[in-house]
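One-letter residues, chain by chain:
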Amino acid sequence: MALKFLRDDHSTTKDEDVKKLKQLSVWFDKNLDKPTRFSNASNKSPANVSLSWFKDSAKEHIQKIHELIEILEQYDFVVERLATKNPGYIVFEDEFQISAIPFKADRKKVI
């Protein structure tokens, strides 16, 4: 979301940043599936939020995210990096990522 905002926002002052953002957007579109689920809607009281995490084996994806973070921080976006071994209740998973609803005890830490 931040990538799209900055790429399309007219405050992006450097042409090379806009070009790099477009390249990153294309790369992620080609190399990362969009999660098909973000909630546990079958639950009696479904959680309304899940977070997406890269698996530590997704080395190239993580490198591309670092390239994006460098640009975002140049434009005063605050980026907080989180890592966990216990992301919560997994609602989607593929080769590179998971989407998980944080455990209740952890929600205030990550949301």
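Residues numbered from 1 in each chain as written. Predicted model: local features only at pLDDT ≥ 70, side-chain atom pairs only at ≥ 80, totals over all residues. Heavy atoms only, no water.

Asker: Break down the pairing of strand β3 (residues 97–101) for me, citing the residues and quoting the values.
Answerer: Of all the 5 residues making up β3, 5 are buried; the element is thus mostly covered by neighbouring parts of the structure. Here β3 shows a buried face lined by Gln97, Ser99 and Ile101 and a second buried face lined by Ile98 and Ala100. The sheet contact formed by strand β1 (residues 51–54) and β3 spans 4 bridges and is antiparallel. Bridge assignment links Phe54 to a residue of β3, and that residue is Gln97. Inspection of the sheet shows strand β2 (residues 89–93) paired to β3 by 4 bridges, in the antiparallel sense. (Buried < 20%, exposed > 50% of the residue type's maximum accessible area, 1.4 Å probe, protein only. Helix = DSSP H or I, 4+ residues; strand = E, 2+ residues; numbered from the N terminus. Pairing = 2+ DSSP bridges.)

Asker: Before we move on, could you go through the packing of aromatic side chains and cite the residues and values that matter?
Answerer: Summed over the entire model, instances satisfying the criterion amount to 2 aromatic pairs. On the numbers, 5.1 Å between centres and 90° between planes, the contact of Trp27 with Phe28 is edge-to-face. Exposure class is identical for Trp27 and Phe28. Each is buried. Their ring planes at 80° and their centres at 4.8 Å tell us that Tyr89 and Phe103 sit as a pair that is edge-to-face. With Tyr89 in strand β2 and Phe103 in the loop between β3 and α4 (107–110), this pair connects stretches of sequence that are 14 residues apart. (Phe/Tyr/Trp six-rings, centres within 6.5 Å; stacked < 30°, edge-to-face > 60°.)

Asker: Let's hear about the nonpolar core: which residues, and what values?
Answerer: Formed by Leu3, Leu6, Leu21, Leu24, Leu68, Ile71, Leu72 and Tyr75, the largest nonpolar core amounts to 8 residues. Broken down by secondary-structure element, the contributors of at least two residues to this core are α1 (2–8), α2 (15–31) and α3 (59–74). The element best represented in this core is α3, accounting for 3 residues. (Core = buried A, V, L, I, M, F, W, Y, C linked by side-chain atoms within 4.5 Å.)

Asker: Got a sec to walk through unusual backbone geometry? Specific residues and values, please.
Answerer: Positive phi, close to 65°, is recorded for Asp76, a residue that is not glycine. Of note, Asp76 is situated in the loop between α3 and β2.

Asker: Account for α2, with residues named and values stated.
Answerer: In a regular helix each residue adds 1.5 Å, so 17 residues correspond to 24 Å; α2 covers 24 Å between its end C-alpha atoms and thus fits that length. For α2, every residue scored as buried is listed here: Asp17, Val18, Leu21, Leu24, Ser25, Trp27 and Phe28. (Expected span 1.5 Å × (residues − 1).)

Asker: Describe the sheet that holds β2, and please don't skip the residues or the numbers.
Answerer: Pairing in this open sheet of 3 strands is antiparallel, and the strands run β1-β3-β2 from one edge to the other. Sheet topology places β1 and β2 at the edges, where each strand pairs with a single neighbour. Within the sheet, the average angular offset between the axes of one strand and its neighbour, ignoring direction, is 35°. (Axes fitted to C-alpha atoms, helices over the stretch in contact; angles between N-to-C directions.)

Asker: Give a detailed account of the confidence of the model for the protein chain, specifying residues and quantitative values.
Answerer: Summary statistics for the protein chain give a mean pLDDT of 85 and a share of 86% for residues scoring 70 or more. Mean pLDDT across the elements of the protein chain bottoms out in α1 (72) and peaks in α3 (94). (pLDDT = per-residue confidence, 0-100.)

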